[in-house]
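Reading the structure
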Amino acid sequence: MEVLKRTYKLSVHMFDEKDLEQFKKKGTTAQKVEAQLELIKNGFPFLELDAAASIGNGIIAVDESQCDKYIKRWDAYCGSEHIITKFVPASGAASRMFKDLFSFLDGKYDVPTTPFEKNFFDNIEKFAFYKELDEACVKNNGKPAKALMADGQYKAVVSNLLGAQGLNYGALPKGLLKFHSYETKSRTPLEEHMAEGAMYASGSDGTVRIHFTVSPEHKQLFKALSESCSKTLSKRYGTAYNISFSEQKPSTDTVAAAADGTPFRNDDGSILFRPGGHGALIENLNDLDTDIVFIKNIDNVVPDHLKTDTVTYKKLLAGILVSVQDKVFEYLHLLDSKKYTDAQLKKMVDFVQDTLCCRSKDLAGKSGSELVNWLHDKLNRPIRVCGMVKNVGEPGGGPFLAYNSDGTVSLQILESSQIDLNDERKKEMFTKGTHFNPVDLVCAVRNYKGDKFNLPAYVDKSTGFISSKSKNGRELKALELPGLWNGAMSDWNTLFVEVPLSTFNPVKTVNDLLRPQHQPA
């Protein structure tokens, strides 16, 4: 009897046994792949907005007396038996930092011409990596960097910075680059996060736990650097370090689609999958055994002499978080006891609507067990407190009050692609928003019974991003999962707190390292 090769048709696309074997190895299924292709085909709906969050309407401005109270609450929490972790997404390559320098290398001219190029070379000695760059120039070209520049060999200097024969900065992640100079050495963002963690995230056992998500090819480099600097930093800050790493899971990769909507296939016939974006890291976050998690981007660090504001406001955010968690747990235990009064239920409703900014037009019609169940559902969720800075034109998402699928309104961090900018009302909300998201979060990930929340259960899968890419000259559509602090945390309880701009110092281009915030005192 002839054995026929089986094919599987879901709704549109044909998958054969080779495809199914590929799915199995990735930890995904044909059904999930099909669902992703449908999302790429149909796109994501825009979110319905109620308002841009602002002071007094979704964003909390904390006065000095309250600040002290919350910081003391956080210090007390750190002194008790709780696990605290810093979570730092660090897998991104630094290549975009050097986009202008790559363009210079490819240009038809040999001397600095653009303002960016002139600024880079005029101030080259101010970079923390200058000493190593100088040594690479001597090794590879027989002359120091300044001498090469005097001879007009500017491209040789850039090649030593970006190329594998030199520092290889064009291929390394930001976390491993020299950012800041100190008296006797320089530090990378990895080291700055370790130093920063010692100042606000040390547990009662004196240990600072930091988890970096990294790409597989750089994991050993991160591990070696963390091990080599741990002893020095431990001695300086009086802490011990527990540094861990994880990689984005292959099962969170998303399928790419060809122009006709079918799976994009590689030359060997296999289906192309791409990393699903930082939203995939909700799985890594979910794997942590912790109570409280600080989340901050790898490049948002400053030298020690400028860390005071960062530490103060990190403690403030964390103090607000555990204070709100105290109240949430109190209410949930009271609901479980069934010994509450109508007045207490009214207080819970006010807390959900006023403190958590979760509002429902239908709430007035709820009473009895329906109201109790609604309150229990809304309270028993992961909690995050997000710092928000005043809008100064920086790119990035913003804080909004947005409608959810159940008709409630809650606080969300949205990107421009999630908003219908053809709608004049929504466009005005977006363009006139008073604050933006610097990625400064503190999260509580256990429930009132001490069990870990299953974080993927709180992802809004109807959010995400679709972008146009190409591979080998062929156009494709790529699907990004709901962003980590966007749709991946859509069903969390959220508070927005104003923090000063001094806590936001990202490095998007290499010349950002010349700003005063990244220079020695």
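Please refer to the structure higher up on the page.
Here's a quick rundown of the structure. As the structure is a prediction and not an experimental result, all values here were calculated from the model.

The next point concerns the overall build of the protein chain. Along the protein chain, the regular secondary structure elements total 15 helices and 21 strands. Expected size for 521 residues packed as a compact globule is a radius of gyration near 24 Å; at 25 Å, the protein chain falls within 12% of this value. Seen through its principal axes, the protein chain has C-alpha atoms that stretch 85 × 80 × 50 Å. Across the 521 residues in the protein chain, those meeting the buried criterion constitute 53%. Here the protein chain carries 66 positive and 67 negative side-chain charges, and the mean point of each set is 2 Å from the other.

Moving on to unusual backbone geometry. Within the chain, Asn168 stands out as a residue other than glycine whose phi angle is a positive 65 degrees. Take Asn168: it is sitting in the loop between helix H8 (154-162) and strand E7 (180-181). Accessibility expressed as a relative area gives 24% for Asn168, which makes it partly exposed. Phi at Val439 is positive, roughly 60 degrees, even though this residue is not glycine. Summarising the element assignment, Val439 is placed in the loop between strand E17 (435-436) and strand E18 (440-444).

The next subject is the sheet that holds strand E15 (residues 398-403). What the 3 strands build is an open sheet, ordered E3-E15-E16; its pairing is antiparallel. Every interior strand has two partners, whereas the edge strands, strand E3 (49-52) and strand E16 (409-414), have only one. Going across the sheet, the axis of each strand differs from the next one's by a mean of 30 degrees, ignoring polarity. Two strands pair when backbone bridges link them, and E3 and E15 are joined in this way by 3 bridges, in the antiparallel orientation. Among the inter-strand pairings, Leu49 is bridged to a residue of E15, identified as Ala402. Contacts between helix H15 (residues 424-431) and the sheet are confined to E3 and E15, with E3 contributing the most and set at about 30 degrees to the helix.

With respect to the secondary-structure elements, Ser470 resides in strand E19 (residues 465-471). Put simply, Ser470 and Ala258 are 212 residues apart on the chain and 9.6 Å apart in space, counted from C-alpha to C-alpha. Leave out the neighbours within four places in its chain, and Ser470 touches Glu475 and Leu476.

In this section: the packing of helix H4 (residues 99-106) against H8. Viewed as axis vectors pointing N to C, H4 and H8 meet at an angle of 135 degrees, and their least axial separation amounts to 10 Å. By the angle class used here, H4 and H8 are oblique. When you trace H4 past H8, the crossing you get is left-handed. Contacts from Leu101, Phe102, Phe104 and Leu105 of H4 reach H8 at Tyr154, Lys155, Val158, Ser159, Leu161 and Leu162. Residues belonging to the contact of H4 with H8 are distributed by class as follows: 8 nonpolar, 1 polar and 1 charged.

Okay, the nonpolar core next. Among the nonpolar cores identified, the biggest contains 48 residues, and Trp74, Ile292, Phe294, Ile320, Leu335, Leu375 and Leu379 are the most heavily contacted of them. Sorting the residues of this core by element identifies helix H3 (64-78), strand E13 (292-296), helix H12 (308-337), helix H13 (342-355), helix H14 (368-379), strand E14 (383-390), E18 and strand E21 (493-498) as the ones contributing at least two each. With 13 residues, the single largest contributor to this core is H12. In this structure, Leu161, Leu172, Phe179 and Leu514 belong to the second largest nonpolar core, which totals 34 residues.

All chains considered together, the criterion is met by 32 salt bridges. Note that Asp287 is salt-bridged to Lys249, the shortest N-O span being 2.9 Å. On the criterion of sequence distance, the pair formed by Asp287 in the loop between helix H11 (282-286) and E13 and Lys249 in the loop between strand E10 (240-246) and strand E11 (254-255) is long-range, its members being 38 residues apart. Look at Lys249 and you get partly exposed, because its relative accessible area is 25%.

The element E16 is extensively covered by neighbouring structure, given that 6 of its 6 residues are classed as buried. Burial along E16 is two-sided: the residues Val409, Leu411 and Ile413 and Ser410, Gln412 and Leu414 are all buried. Where E15 hands over to E16, the hairpin turn is made up of 5 residues, of which Gly407 adopts a positive phi near 90 degrees.

Turning next to the layout of surface pockets. Taken as a whole, the second largest pocket spans an internal volume of roughly 560 Å³. Secondary structure elements with two or more residues in the lining of the second largest pocket: helix H2 (30-42), H11 and strand E20 (474-480). The element best represented in the lining of the second largest pocket is H2, accounting for 4 residues. Here the lining of the second largest pocket is built from residues that sort into 11 nonpolar, 7 polar and 5 charged.

Now for the packing of aromatic side chains. With the rule as written, the count across this model stands at 19 aromatic pairs. A ring pair is formed by Trp74 and Tyr77, whose centres lie 5.3 Å apart and whose planes are at 15 degrees; its orientation type is stacked. Of this pair, Trp74 and Tyr77 both sit in helix H3, 3 residues apart, which is roughly one turn of the helix. A single burial state applies to Trp74 and to Tyr77, both of which are buried. Aromatic rings pair up to connect Phe98, Phe104, Tyr109, Phe120, Phe121, Phe127, Phe129, Tyr154 and Tyr169 into one cluster.

What counts, and where the lines are drawn
Residues numbered from 1 in each chain as written. Predicted model: local features only at pLDDT ≥ 70, side-chain atom pairs only at ≥ 80, totals over all residues. Heavy atoms only, no water. Helix = DSSP H or I, 4+ residues; strand = E, 2+ residues; numbered from the N terminus. Rg over C-alpha atoms; globule rule 2.2 N^0.38 Å. Buried < 20%, exposed > 50% of the residue type's maximum accessible area, 1.4 Å probe, protein only. Lys, Arg positive; Asp, Glu negative; His and termini not counted. Charge placed at Lys NZ, Arg CZ, Asp CG, Glu CD. Pairing = 2+ DSSP bridges. Axes fitted to C-alpha atoms, helices over the stretch in contact; angles between N-to-C directions. Contact = heavy atoms within 4.5 Å. Parallel < 35°, antiparallel > 145°, perpendicular 65-115°, else oblique. Left-handed = near helix turned anticlockwise from the far one by under 90°. Nonpolar A, V, L, I, M, F, W, Y, C, P; charged D, E, K, R; others polar. Core = buried A, V, L, I, M, F, W, Y, C linked by side-chain atoms within 4.5 Å. Salt bridge = Lys/Arg side-chain N within 4 Å of Asp/Glu carboxyl O. 1 Å grid on protein atoms, 1.4 Å probe; cavity = no way out; pocket = protein on both sides within 12 Å on 5 of 7 lines; lining within 4 Å. Points joined across faces, edges and corners; volume = space filled by probe spheres on them. Phe/Tyr/Trp six-rings, centres within 6.5 Å; stacked < 30°, edge-to-face > 60°.

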